[in-house]
Amino acid sequence: MSDLLYSTKNIYETASPELISLMSDYAEGYKAFLNTAKTERESVEYAVGYAKARGFREYVTGEKVQPGDKIYFNNRGKAIYLAIIGSLSLREGCNVAAAHVDAPRLDLKSNPLYEDNEIAYLRTHYYGGVKKYQWHTIPLELRGVIIRGDGEKVQVSIGSDPADPRFVITDILPHLGEKQSAKTVRDAFPGEDLKILFGTRPDCADDKEKNKVKYGIMKLLNEKYGVTEADFLSAELEIVPAHEARDVGLDRSLVGGYGHDDRACGYAALTAICNFEGTPARTAVTMLVDKEEIGSEGTAGMQSRAFERFMGALSRSQGVSLDDCFAESFCVSNDVCNAFDPNFAEVSDKQNNALLNHGVSFMKYTGSRGKSGSNDANAETVATLRRIFAANEVAWQMGELGKVDAGGGGTVALYMAKRNIETIDAGVPVLSMHSPWELISKADLYMTYRSIAAVFKDR
Ligand code: MN
Ligand code: MN
């Protein structure tokens, strides 16, 4: 009886050549997305363009919708909800794929620019969980928006064009690193030291100007963007890694890139809804939101009532109360998890950890210590997914975020569950999560896409 015992399989053990080429083609689109969208705003902009090209239209709150309608709601350019109206009433609930499109990075401080010993720097405040030493001596880009004093919004992107300069945070040379190497990692790399080298050429046009390098930098910014130093105050500028997403491994089985957490799932959720064929039974919804890495707060975060407003308007238009809709709804909280890393095997219970190339990883629970801060999904919810995935040839596995008491973490699942929506975590296993160049498997990415499409079709 081969069914008596349970284990997952490496996808490549049984993958057909067709499946392997589907997985690799899908990764090409994903890499292009990652290189374009390095911030939450850029991800939403990408999603709007992608959705419009596939027949989605902007939803005006309160308007009447019909089964088969494809709509999106752009929440302040920092989050987006997309929906295909199902043939069933919203009284039967909807199926939600929820992912976040913010990623750990270095934000510029409100007043960031200064000069020290004839070098201009930008002060930063890190966003999300970063290992600070990983951000020294790697090429960096500057992306974001500045709202000028006159109200004009300026898009900033410096570093991705081959003609652009790049930026960096320096480190001590090993020859003089005796004291540094004796410290703990935490003490050796203080957050306040994450200062971006921004220029070194003095502008000597004004004799009276003391900080000639800083002055030269401001002149360049003024020429390019029409901004003054005070405009930094009303800006959101993000320092992100400058490297591109690329295949990793001689067999090209992996993708290295910045922001797999959680744009890998964001892309899967976006493409699953935008390429859905026909009208689903239950309304399908994809949410791409901001601020997960700092607690899902804010008007564009997962806890924002903007979602209630969107779903409430759709429900009302069908004469259904939002509470009734949510009570029958189902959510896959699409966030990445850790892949088992043989180099750091001691933090994982391998039997309950996601493995590379074994498929999309579900997490019944996350959290820390005794599952604290977790949405512990119901057995019935897992059973629903087992049935759907078996019928749709989705390779999947169950994961857990490390050994008991090794640490832990949370996702957006608990916020969706609080809305009285049955919710479970699922996503792409990641190596080196939260580093400037994370790794995922093409096979797992593709299966994440396929798992969302299967839920939209069959739940
Ligand atoms: Mn995440
Ligand atoms: Mn994260």
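Caption draft 1: Up close: the overall build of the protein. Regarding its fold elements, the protein presents 11 helices and 22 strands. In terms of overall dimensions, the protein is globule-like: its C-alpha atoms have a radius of gyration of 23 Å, near the 23 Å expected for 459 residues. The dimensions of the protein, computed from C-alpha atoms along their principal axes, are 80 × 55 × 45 Å. Across the 459 residues of the protein, 54% fall into the buried class. Partitioning the intrachain contacts of the protein with sequence separation of at least 6 by distance along the chain shows that 75% fall at a separation of at least 24. Summed over all atoms, the accessible surface of the protein reaches about 20900 Å², with 50% contributed by carbon and sulfur. When the 53 positive and 64 negative side-chain charges of the protein are each reduced to one mean point, those points stand 2 Å apart.

Caption draft 2: Representation of the coordination of the manganese ion (ligand 1). For the manganese ion (ligand 1), the full set of protein donor atoms is H100 (NE2), D261 (OD), D335 (OD) and D335 (OD), at a range of 2.1 to 2.5 Å. Between consecutive donor residues of the manganese ion (ligand 1), the sequence gaps follow H-x160-D-x73-D. Separating the manganese ion (ligand 1) and the manganese ion (ligand 2) is a distance of 3.4 Å, and D261 donates to both of them. One end of the pair, H100, is in strand 4 (residues 94-100); the other, D335, is in the loop between strand 14 (330-334) and strand 15 (337-338), and 235 residues separate them in sequence. Across the pair, D335 and H100 agree in class, each one buried.

Caption draft 3: Structural context of the packing of aromatic side chains. For the structure on display, the rule yields 21 aromatic pairs. For the ring pair Y114 and Y121, a centre distance of 5.5 Å and an interplane angle of 25 degrees mean the geometry is stacked. Each member of the pair, Y114 together with Y121, is buried. Three or more aromatic residues joined by ring pairs make a cluster, and in this case those are Y26, Y30, F33, Y46, Y50, Y267, Y446 and Y449. The aromatic ring of Y127 is capped on one face by R105, whose charged end is 3.7 Å from the ring centroid. The ring of Y365 has K371 lying over it, and the distance from NZ or CZ to the ring centre is 3.8 Å.

Caption draft 4: Representation of the sheet that holds strand 4 within the structure. With mixed pairing, 9 strands are arranged side by side in an open sheet as 1-2-3-13-4-14-20-16-18. The sheet terminates laterally at strand 1 (57-58) and strand 18 (396-398), the two strands that pair on one side only. One ladder, built from 3 bridges, connects strand 16 (residues 360-363) with strand 20 (residues 422-427); its direction is antiparallel. In the sheet register, S361 faces strand 20, and the bridge partner there is G427. Contacting strand 3 (79-84), strand 4, strand 13 (283-289), strand 14 and strand 20, helix 6 (residues 260-274) runs over the sheet at an angle of about 150 degrees to strand 13. Together, strand 2 (70-75), strand 3, strand 4 and strand 13 form the strand contacts of helix 7 (residues 306-316), whose direction differs from that of strand 2 by roughly 150 degrees.

Caption draft 5: Just helix 5 (residues 212-225), in detail. Taking 1.5 Å as the rise per residue, helix 5 with 14 residues should run 20 Å; its terminal C-alpha atoms sit 20 Å apart, in good agreement. Those residues of helix 5 hidden inside the fold are in contact with strand 5 (105-116), strand 6 (119-127), strand 8 (153-158) and strand 9 (195-199). Once helix 5 ends, the next one or two residues include G226, with phi positive near 65 degrees.

Caption draft 6: Highlighting the pattern of salt bridges. Applying the stated criterion across every chain, the model contains 26 salt bridges. With a shortest N-O distance of 2.8 Å, R143 and E42 are connected by a salt bridge. Placement of the pair is R143 in strand 7 (residues 140-147) and E42 in helix 2 (residues 40-52), with a sequence separation of 101 residues. Here R143 matches E42 in class, with each residue buried. A single network of salt bridges, built from pairs that share partners, joins E28, K31, D247, R252 and K442.

Caption draft 7: Geometry of the packing of helix 1 (residues 17-36) against helix 11 (residues 442-458). Put simply, helix 1 and helix 11 touch, their axes get as near as 9 Å, and they point 85 degrees apart. Overall, the two elements helix 1 and helix 11 adopt an arrangement that is roughly perpendicular. Where helix 1 abuts helix 11, its residues L19, L22, M23, S24, Y26, A27 and Y30 lie against K442, A443, L445, Y446, M447, Y449 and R450. Looking at side-chain class alone, the contact of helix 1 with helix 11 contains 11 nonpolar, 1 polar and 2 charged residues.

Caption draft 8: Highlighting the domain arrangement of the protein. Partitioning the protein into domains gives domain 1 (2-103 + 258-457) and domain 2 (105-241). Computed from C-alpha coordinates alone, the two centres of domain 1 and domain 2 are separated by 34 Å. Across the boundary between the two partners, domain 1 contributes 20 residues, which contact 16 residues of domain 2. Three residues, K38, R41 and P436, lead the burial of domain 1 against domain 2; their summed loss comes to 35% of the area buried on that side. Inspection of the region where domain 1 meets domain 2 yields 5 salt bridges. With its nearest N and O atoms 3.2 Å apart, the salt bridge here joins E141 to K38. Where domain 1 meets domain 2, there are 11 residue pairs in polar contact (both at pLDDT 80 or more). If you list the elements that add at least two residues to the side of domain 1 that touches domain 2, you get helix 1 and helix 2. With 4 residues, the single largest contributor to the side of domain 1 that touches domain 2 is helix 2.

Caption draft 9: Representation of the environment of K457. Within the secondary structure, K457 is located in helix 11. Each C-alpha atom of the pair K457 and K9 lies 25 Å from the other, and the pair is 448 residues apart in sequence. When neighbours within four sequence positions are excluded, K457 is seen to be in contact with F276 and N392. Side chain to side chain, K457 and N392 meet in a polar contact 3.1 Å long.

Caption draft 10: View of a nonpolar patch on the surface. A cluster of nonpolar side chains, I172, L173 and L176, forms an exposed patch at the surface whose accessible area comes to about 290 Å². The residue L176 is located in the loop between strand 8 and helix 3 (178-182) in this model.

Calculation rules
- Residues numbered from 1 in each chain as written.
- Chains lettered and ligands numbered in written order.
- Predicted model: local features only at pLDDT ≥ 70, side-chain atom pairs only at ≥ 80, totals over all residues.
- Heavy atoms only, no water.
- Helix = DSSP H or I, 4+ residues; strand = E, 2+ residues; numbered from the N terminus.
- Rg over C-alpha atoms; globule rule 2.2 N^0.38 Å.
- Buried < 20%, exposed > 50% of the residue type's maximum accessible area, 1.4 Å probe, protein only.
- Contact = heavy atoms within 4.5 Å.
- Areas by Shrake-Rupley, 256 points an atom, 1.4 Å probe, with all protein chains shown as cover.
- Lys, Arg positive; Asp, Glu negative; His and termini not counted.
- Charge placed at Lys NZ, Arg CZ, Asp CG, Glu CD.
- Donors = N, O, S within 2.8 Å, 3.2 Å for Na, K, Ca; no water.
- Phe/Tyr/Trp six-rings, centres within 6.5 Å; stacked < 30°, edge-to-face > 60°.
- Lys NZ or Arg CZ within 6 Å of the ring centre and 35° of its normal.
- Pairing = 2+ DSSP bridges.
- Axes fitted to C-alpha atoms, helices over the stretch in contact; angles between N-to-C directions.
- Expected span 1.5 Å × (residues − 1).
- Salt bridge = Lys/Arg side-chain N within 4 Å of Asp/Glu carboxyl O.
- Parallel < 35°, antiparallel > 145°, perpendicular 65-115°, else oblique.
- Nonpolar A, V, L, I, M, F, W, Y, C, P; charged D, E, K, R; others polar.
- Domains from an automatic or database assignment.
- Buried area = accessible area lost by both parts, 1.4 Å probe.
- Polar contact = N/O pair within 3.5 Å; in protein donor to acceptor, adjacent residues only side chain to side chain.
- Patch = residues over 30% accessible without salt bridge, like charges linked within 9 Å, V, L, I, M, F, W, Y side chains within 5 Å.

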